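Results of the structural survey
Listed below, chain by chain, are the residues.
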Amino acid sequence: MIMGIDEVGRGCWAGPVVAGAVILKRRIPGLADSKKLTKAKREVLDVHIRKQAVAFGLGWVTPAEVDDLGLTEAVRLAMQRAVDQIQADCDEIIIDGNYNYLPNDSRSRAVIKADDKVAAVSAASIIAKVARDKYMAEMATTYPAYKFESHVGYGTAMHRAALKIHGVCDLHRKSYAPIKVLLADLA
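The structure reproduced in this document is the subject of the present report. Predicted model, so just to flag it, every value in this text is computed and none were measured.

**Thoughts on the packing of helix α1 (residues 39-52) against helix α5 (residues 119-142)**
Packing of α1 against α5 leaves a shortest axis separation of 9 Å and a crossing angle of 115°. Handedness of the α1/α5 crossing: left-handed. In this structure, α1 uses R42, E43, L45, D46, I49 and R50 to contact α5, whose residues at the interface are A123, I126, I127, K129, V130, A131 and D133. Residue classes in the contact of α1 with α5 are distributed as seven nonpolar, no polar and six charged.

**So, the nonpolar core**
By size, the foremost hydrophobic cluster in this structure holds 37 residues, and its most contacted members are M3, I5, V61, M79, I95, F148 and L171. Of all elements in the fold, only β1 (2-8), β2 (17-24), β3 (53-61), α3 (71-84), β4 (92-96), α5, α7 (157-166) and α8 (177-186) reach the threshold of two or more residues within this core. Setting aside anything within four residues of it in sequence, one finds V61 in contact with P16, V17, V66, A74, L77, A78 and R81. Of all hydrophobic cores here, the second largest spans 20 residues; its members include L31, A124, I126 and I127.

**Some details on the packing of aromatic side chains**
Taken as a whole, this structure holds five aromatic pairs when the rule is applied. Relative to Y135, the ring of W60 lies with its centre 5.6 Å away and its plane at 65°, an arrangement referred to as edge-to-face. Of this pair, W60 sits in strand β3 while Y135 sits in helix α5, and the two are 75 residues apart along the sequence. Look at Y135 and you get partly exposed, because its relative accessible area is 26%. The rings of Y143, Y146 and F148 are connected pair by pair, giving a single aromatic cluster.

**A short note on the pattern of salt bridges**
A full pass over the atoms with the stated rule returns 11 salt bridges. A salt bridge links K35 to D115; the nearest nitrogen and oxygen atoms lie 3.4 Å apart. Residue K35 is located in the loop between β2 and α1, and its partner D115 is located in helix α4 (residues 114-117); the two are separated by 80 residues in the primary sequence. The exposed category is assigned to K35, whose relative accessible area is 64%.

The rules behind the values
Residues numbered from 1 in each chain as written. Predicted model: local features only at pLDDT ≥ 70, side-chain atom pairs only at ≥ 80, totals over all residues. Heavy atoms only, no water. Axes fitted to C-alpha atoms, helices over the stretch in contact; angles between N-to-C directions. Helix = DSSP H or I, 4+ residues; strand = E, 2+ residues; numbered from the N terminus. Left-handed = near helix turned anticlockwise from the far one by under 90°. Contact = heavy atoms within 4.5 Å. Nonpolar A, V, L, I, M, F, W, Y, C, P; charged D, E, K, R; others polar. Core = buried A, V, L, I, M, F, W, Y, C linked by side-chain atoms within 4.5 Å. Buried < 20%, exposed > 50% of the residue type's maximum accessible area, 1.4 Å probe, protein only. Phe/Tyr/Trp six-rings, centres within 6.5 Å; stacked < 30°, edge-to-face > 60°. Salt bridge = Lys/Arg side-chain N within 4 Å of Asp/Glu carboxyl O.

Listed below in structure tokens is the structure:
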């Protein structure tokens, strides 16, 4: 049994870092790296994954925690929080990427492009992306000026323009360079 882990939101200027962890009993048709799937396809697969997985977990790290901990530790914490939600046993933990964020767990290893090669990692990528995108769409109702439903916190031209007009909100990562520069300009 393989537990797959992937995160989303690492490069965003706003919003949480979210990690997904999934153990599958069998492959689900259509799984791939979440970035290669349409929003509609991800949402359909998210439902199938949640129904068919042996277990799944989502680990959330707030923007304030990202600022306090730094990105590497924030990603590690998100992954650990996702793993902590899973009660099922696994033989191996595969983390997407080239860095093992859970080095104290002897079952864990990093695999480059695992989100496109290992079904459980693809599934983790999808549930994390769908959960985070839904959260950012909900936050768009609280912070409508930023249009988070469109860019989900990434550094787009639309996001940059909103920041110049409206400044920084509680969802922004104040330790990130573009936000730091904006805060310095406003000071």
